[in-house]
Structures are given as C-alpha cells and as structure tokens.
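Okay, here's what each chain looks like letter by letter:
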Amino acid sequence: MSWDFETDPEFATSLQWMEDFVREEVAPLDHVLGYPHDVANPNNRKLVKPLQAKVKDMGLWACHLEPELGGLGFGQLKLALMNEILGKARFAPIVFGCQAPDTGNGEILAKYGTPEQKERYLQPLLDGDIVSCYSMTEPHAGSDPTMFKVRAEMDGNHWVINGDKWFSSNARFASFLIALVVTDPEAQPHNRMSMFIVPRETPGLNILRSVHVGIDDGQEGTHGYVRYENVRIPADHMLGDPGQGFIVAQTRLGGGRIHHAMRTVGQIRKAFDLMCERVLSRETKGELLANKQMVQAMIADSWIEMEQFRLLVLRTAWRIDKYKDYMAVRKDISAIKAAMPKVYHDVATRALQIHGSLGMSNEMPFTQQVLSSLTMGLVDGPTEVHKVTVARQVLRDYEGTDGLFPTGHLPALKEKALAKYGDLLDDEI
Ligand SMILES: Cc1cc2nc3c(=O)[nH]c(=O)nc-3n(C[C@H](O)[C@H](O)[C@H](O)COP(=O)(O)OP(=O)(O)OC[C@H]3O[C@@H](n4cnc5c(N)ncnc54)[C@H](O)[C@@H]3O)c2cc1C
C-alpha cells in the first residue's frame, strides 16, 4: 500500500534550490529581456547561457525525457513539482531546457527519429543551442485535424509541401519546424497525414507575419502565419512512418498538455500569493481586506480550486509514470486540460479584483494572466474538445438500463431490500 503526498527529502532539497534560483537569478530576466525563445539574440545568449550552465551542473537540465530517450528520467511526477516552480517565471523553462514546444518536439524526435535526425535536430535542441516550432493548425481549421489541407507530394527523393499553417508559435526563432501534413488524401482521415521536419532555411518556407496574442502593443508577435510554397525537403525528413502523423502528434500533445498544466499551477500560485499578501496589507473602512468575509470567500475559493487542480495534475503525472502510455491516461490529461483555463482565470481574476485599479494596470501581472488563462483554453485543443474526450472515456465504464426506471429508483430498491431482509425485521416499516 502506498498513498503518499510527501516529496522525498533529497528531491525536496533540489526543489528548494530551484525555488531560490528561479526567484533570485531567473525571474529578473523577465523584466530585462524580450522573448525567451529568441535564442540568437545576443542579450539572451549573454544572460541565459550562464544560468543554463548552472542548471546543468546541478543535474536538473532537460528533465522531461526518459533516459532511453536521452534525458535524465525524472518522470512526470517530479517534473510536475519542478514545473510548478518554473511556471512562475517566463524565462525559467528555457533556463532549465524544458520549454514548450521544444519538450514535445524533443519527445517525438527521441521516440520516432532516425539516428541521423536525432543527431542533427534533437541533440542541439537538448543542448539548448536552438529552438523549434510545431506547425499544425491551419487558418481554416484547428480543433479538427481531419480537416487539414496542407499537402506534401513526392517528387523524386523529395517531398514538396504546399499550403498555409496558422499560429505556428516561435516559427521566427526556430531552426526547424515540425509540420503535420497530408500525404495521402485518399486514406482514412486519421491515416492521411505524416509528420515532417522542415529546416527553417528551406526555400519557400515563408512567414507571412508573426501574430501577437492580445492587444497590439506595437511588438512583432511570435505566432507564425506560415506559407509553405513548394518547400522541398528530403524524403528522410519524414518523422515516423507515412500516414503515422496523427499518432506522432498525439504523443507530443499528451506531454505538452500536462506540462502546460504543471506550469499553470505555478502561475496560479503566483496570483494567489500576491492576493494573500495584498489582503493582509490593504485597509478599508478601518480594517484589513483580510477581515472582510467576501474577501475571505475569495481566498477560500481560490485555495480550494488551486489545490484541487494541483492534486489532479500530480495524480495525472503519477499515472503517466505508472502506465508509461499517454493514451492510457487520456481521460486524465483531457480533464486537467479542461480544468486549467477556468481555475487559472478565476484565481487571476480574483487577484486582479482584490488589487483594485492597481490590479487592472500594467504594473501588476494579472491582466496578462487572465489573457494567458484564455490561451490555455485553446492551445493544444479547445476546452470543449477535451470535455468531449473526458465524457466519452468516462461513459465507457457505464452502460444503460433496459428497465423503465433507473437502477437507482428508490421503490424498486426498497422492494429488493425487503425481499432480502424483510423476514428478519421485528416491526413492519
Ligand atoms: C497562444 C497560442 C499558441 C498556439 N500555438 C500553436 C502552435 O505552436 N502550433 C499550432 O499548430 N497551433 C498552435 N495554436 C493553435 C491552437 O492549437 C488552436 O487555436 C486550437 O487547436 C483551436 O483551433 P482554432 O483556433 O482553429 O479554433 P477552431 O477549431 O475554429 O475552434 C473555435 C472554437 O469552436 C469551438 N469548438 C471547436 N470544436 C468543438 C467541438 N468539438 N465541440 C464544441 N465546440 C467546439 C470551441 O469553442 C473552439 O474554441 C496556438 C493557439 C494559441 C492561442
């Protein structure tokens, strides 16, 4: 019997080191640097590389991969505890070599890549020298991958890709894109697509624009509207087998989704901590906000929701480690994916409200957090689709009844109970 909510002391020491390191060394980067994935930027290199070296020295680098895939084999549960800390700072995932979408891309390269693909693309990714992009969504379709149209056709020993992809995050910083593309339009919907590694410098790979999330702040965004125009890539750049693209995609999305959830626990905690500090600091009508019952309700609701979500994330991570198969834990992953935007949104909104006008301003992180919570309802599939998955998986364990009344119909249950125990009762009931 094992049922334990404690972290083993040795790993707790590593977590404490991470907590201090992220707070003191990494979080300040968020205020002086631009985009974490902009690895070629001289300022990023200057400040990020030494911190990455410290993480490597501590043996905490790129902990998302299993040893047979080239990682340290920490497993998802330890990773969850780590990501709660890394989620609090924008630059922390890249400093620890476990940032999206490179974690997911690394995972599929490790699992499906040939030795040559691993050497050319996975190794520099694992070393933190380059970043990558995942190019799946199209302008006309996102939630339903069977509608994708971007097409690759064989020409000699090359594939030629044509079509548009939308919201390919970090395309402009990436050394290569991993693209889900139709290779056999006549096949069954889930066997039509294959996965390709597309080097960024390939002629015909054009970023029409880089879209920004939220209000236009004058900055160039990071989500690439990418046009593939006769992009010729060698046949050996297919990742996995022809027609296997959908399966490969599921592999990366499983990990990607739970990693988002782990980091989101960190962001929720950040909002919650700030909210608690504020209610113990700000007075109105002669007393602290902390003494107002409606404020107490906000604190209580936030704590309950945050802890429920965190436990579900940790349990899901534990189940992934146990079954070593994302498909076997599909329901759990979809459940946390569906729960994540609401918990994040509700806690961040309460933190904003508690801080009043200051909370609404660009001098606190809450408006950005609320925006991010909405993002979490879309990335890696919208909430509705994940709820459908949860419901379908749950209902597999049930069956309907042929009877006119449900099996929980009380008169029938009473009749059965009387038939079983009636003779033993002293008084009639
Ligand atoms: C910040 C951000 C980063 C992203 N990064 C990437 C990336 O790197 N690579 C990439 O390929 N994509 C990326 N995406 C795209 C993301 O995967 C899609 O937004 C998502 O899959 C939804 O697709 P869509 O935007 O086309 O919306 P649609 O498919 O048009 O869906 C719109 C809405 O319709 C509703 N809906 C859809 N399906 C159902 C259903 N079955 N039942 C009920 N309602 C439904 C939902 O409300 C849904 O939000 C990113 C998105 C965001 C916001």
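Residues numbered from 1 in each chain as written. Predicted model: local features only at pLDDT ≥ 70, side-chain atom pairs only at ≥ 80, totals over all residues.

S.K.: Is there a simple way to think about the overall build of the protein in this case?
M.R.: Scanning the protein for helices and strands turns up 14 helices and 10 strands. With the principal axes as the frame, the protein shows a C-alpha extent of 90 × 65 × 45 Å. Residues classed as buried in the protein amount to 40% of the 429 residues present. Summarising the internal contacts of the protein: among those between residues at least 6 apart in sequence, 72% fall at separations of at least 24. (Helix = DSSP H or I, 4+ residues; strand = E, 2+ residues; numbered from the N terminus. Buried ≥ 20, exposed ≤ 12 C-beta atoms within 10 Å, placed from the backbone. Contact = placed C-beta atoms within 7 Å.)

S.K.: Could you clarify how one ought to interpret the site of the ligand in this entry?
M.R.: By nearness alone, 22 residues border the ligand, and Met 136, Gly 142, Ser 143, Ser 169 and Glu 384 come closest of all. Contributing elements (two or more residues each) for the shell around the ligand: strand 1 (132–135), strand 3 (158–169) and helix 13 (383–395). Taken together, the residues of the shell around the ligand sort by class into 11 nonpolar, 9 polar and 2 charged. Looking at the shell around the ligand, you find at least three residues from each of domain 2 (132–239) and domain 3 (247–395). (Near = placed C-beta within 6 Å. Nonpolar A, V, L, I, M, F, W, Y, C, P; charged D, E, K, R; others polar. Domains from an automatic or database assignment.)

S.K.: Can you walk me through the domain arrangement of the protein in this structure?
M.R.: It is common to report an interface's size as the accessible area lost on association of the parts. Split into domains, the protein comes out as domain 1 (9–113), domain 2 (132–239) and domain 3 (247–395). The straight-line distance from the C-alpha centre of domain 1 to that of domain 2 is 26 Å. Taken together, the 12 residues of domain 1 in the interface contact 9 residues of domain 2. A class-by-class count of the residues in the side of domain 1 that touches domain 2 yields 6 nonpolar, 4 polar and 2 charged.

S.K.: Would you take a moment to explain the packing of helix 6 (residues 102–112) against helix 7 (residues 115–126) for this structure?
M.R.: A packed helix pair is summarised by two numbers, namely the angle formed by the two axes and the spacing between the axes. Closest axis-to-axis distance for the helix 6/helix 7 pair is 10 Å, and the angle between their directions is 150°. As the angle between them shows, helix 6 and helix 7 are arranged roughly antiparallel. In the crossing of helix 6 with helix 7, the sense of the turn from one axis to the other is left-handed. Two secondary-structure elements touch here, helix 6 through Asp 102, Asn 105, Gly 106, Leu 109 and Ala 110 and helix 7 through Gln 117, Lys 118, Tyr 121, Leu 122, Leu 125 and Leu 126. For the contact of helix 6 with helix 7, the per-class residue count stands at 6 nonpolar, 3 polar and 2 charged. (Axes fitted to C-alpha atoms, helices over the stretch in contact; angles between N-to-C directions. Parallel < 35°, antiparallel > 145°, perpendicular 65-115°, else oblique. Left-handed = near helix turned anticlockwise from the far one by under 90°.)

S.K.: How should the environment of Val 160 be read in this particular structure?
M.R.: Along the chain, Val 160 falls in strand 3. As a C-alpha pair, Val 160 and Gly 204 span 44 residues in sequence and 10.0 Å in three-dimensional space. Sequence-distant contacts of Val 160, that is, excluding residues within four places in its chain, are made with Ala 152, Glu 153, Asp 155, Asn 230, Val 231 and Arg 232.

S.K.: What is the right way to read the packing of helix 8 (residues 245–279) against helix 10 (residues 330–354) from this model?
M.R.: Interhelical geometry of helix 8 versus helix 10 gives an angle of 20° and a closest axis separation of 9 Å. One way to sum up the angle between helix 8 and helix 10 is to call them roughly parallel. Pair helix 8 / helix 10 crosses with left-handed handedness. When its residues are assigned to classes, the contact of helix 8 with helix 10 shows 17 nonpolar, 4 polar and 4 charged.

S.K.: Just to check I follow, could you spell out the nonpolar core for this structure?
M.R.: It is characteristic of soluble globular proteins that their nonpolar side chains tend to be buried jointly. Core analysis: the largest hydrophobic core is formed by 103 residues, its most contacted members being Ile 161, Phe 196, Val 198, Leu 239, Ala 271, Val 313 and Ala 351. If one sorts the elements of this core by residue count, helix 10 sits on top with 13 residues. Discounting residues that sit within four places of it in the chain, Phe 196 has contacts with Ala 152, Trp 159, Ile 161, Ala 179, Val 181, Ile 233, His 237, Met 238 and Leu 239. (Core = buried A, V, L, I, M, F, W, Y, C linked by C-beta atoms within 7 Å.)

S.K.: Whenever I open this one, the environment of Asp 38 confuses me. Can you help?
M.R.: Mapped onto the elements of the fold, Asp 38 is located in the loop between helix 2 (29–32) and helix 3 (42–57). For Asp 38, a count of 18 C-beta atoms within 10 Å corresponds to the partly exposed category. When the C-alpha atoms of Asp 38 and Arg 392 are compared, they prove to be 40 Å apart, with 354 residues separating the residues in sequence. Residue contacts for Asp 38: discarding those within four places in its chain leaves Asn 44 and Phe 173.

S.K.: What exactly am I supposed to notice about helix 10 here?
M.R.: Since there are 3.6 residues in each turn of an α-helix, residues three or four apart along the chain are aligned in direction. Helix length check: helix 10 (25 residues) gives 36 Å between terminal C-alpha atoms against 36 Å at 1.5 Å per residue, within 8%. Along helix 10, the sharpest change in direction is near 30° and occurs at Met 340; proline Pro 341 comes one to four residues later. Within helix 10, 18 of the 25 residues are buried, which leaves it mostly tucked inside the rest of the structure. Immediately downstream of helix 10, the backbone of Gly 356 shows phi near 60°, a positive value. (Expected span 1.5 Å × (residues − 1). Bend = angle between axes of the 7 residues up to and from the residue.)

S.K.: Explain the pairing of strand 4 (residues 176–182) to me, please; I cannot follow it from the model alone.
M.R.: Taken across its 7 residues, strand 4 has 6 buried, putting it largely inside the fold. Alignment of strand 1 against strand 4, held across 4 bridges, turns out to be parallel. Bridge pairing in strand 4 places Ser 132 opposite Phe 176. Examined bridge by bridge, strand 4 and strand 5 (residues 193–199) share 7 bridges and lie antiparallel to one another. (Pairing = 2+ DSSP bridges.)

S.K.: Looking at this structure, how should I read unusual backbone geometry?
M.R.: When glycine is set aside, most residues are seen to have a negative phi, and most peptide bonds are trans. The omega angle of the peptide bond from Ala 100 to Pro 101 is 0°, so this bond is cis rather than trans. Of note, Asn 170 is a non-glycine position whose phi angle comes to about 65°, a positive value. With respect to the secondary-structure elements, Asn 170 resides in the loop between strand 3 and strand 4. In this structure, Asn 230 takes a positive phi of about 50° despite not being glycine. Along the polypeptide, Asn 230 turns up in strand 7 (residues 223–234). Take Asn 230: there are 12 C-beta atoms within 10 Å of it, and that puts it in the exposed class.

S.K.: Got a minute to help me understand helix 9 (residues 293–323) in this structure?
M.R.: Look at helix 9: 45 Å from first C-alpha to last across 31 residues, which is about the 45 Å you get at 1.5 Å a residue. Along helix 9, the residues that are buried comprise Val 295, Met 298, Ser 302, Phe 309, Arg 310, Val 313, Leu 314, Thr 316, Ala 317 and Ile 320. Turning to helix 9, the residues buried within the fold contact helix 4 (75–86), helix 8 and helix 10. Positive phi appears at Lys 324, one or two residues downstream of helix 9, with a value of about 50°.

S.K.: What am I meant to see in the environment of Gly 34 here?
M.R.: Here Gly 34 is to be found in the loop between helix 2 and helix 3. Considering only alpha carbons, one finds Gly 34 and Phe 91, 57 residues apart in sequence, at a separation of 9.6 Å.

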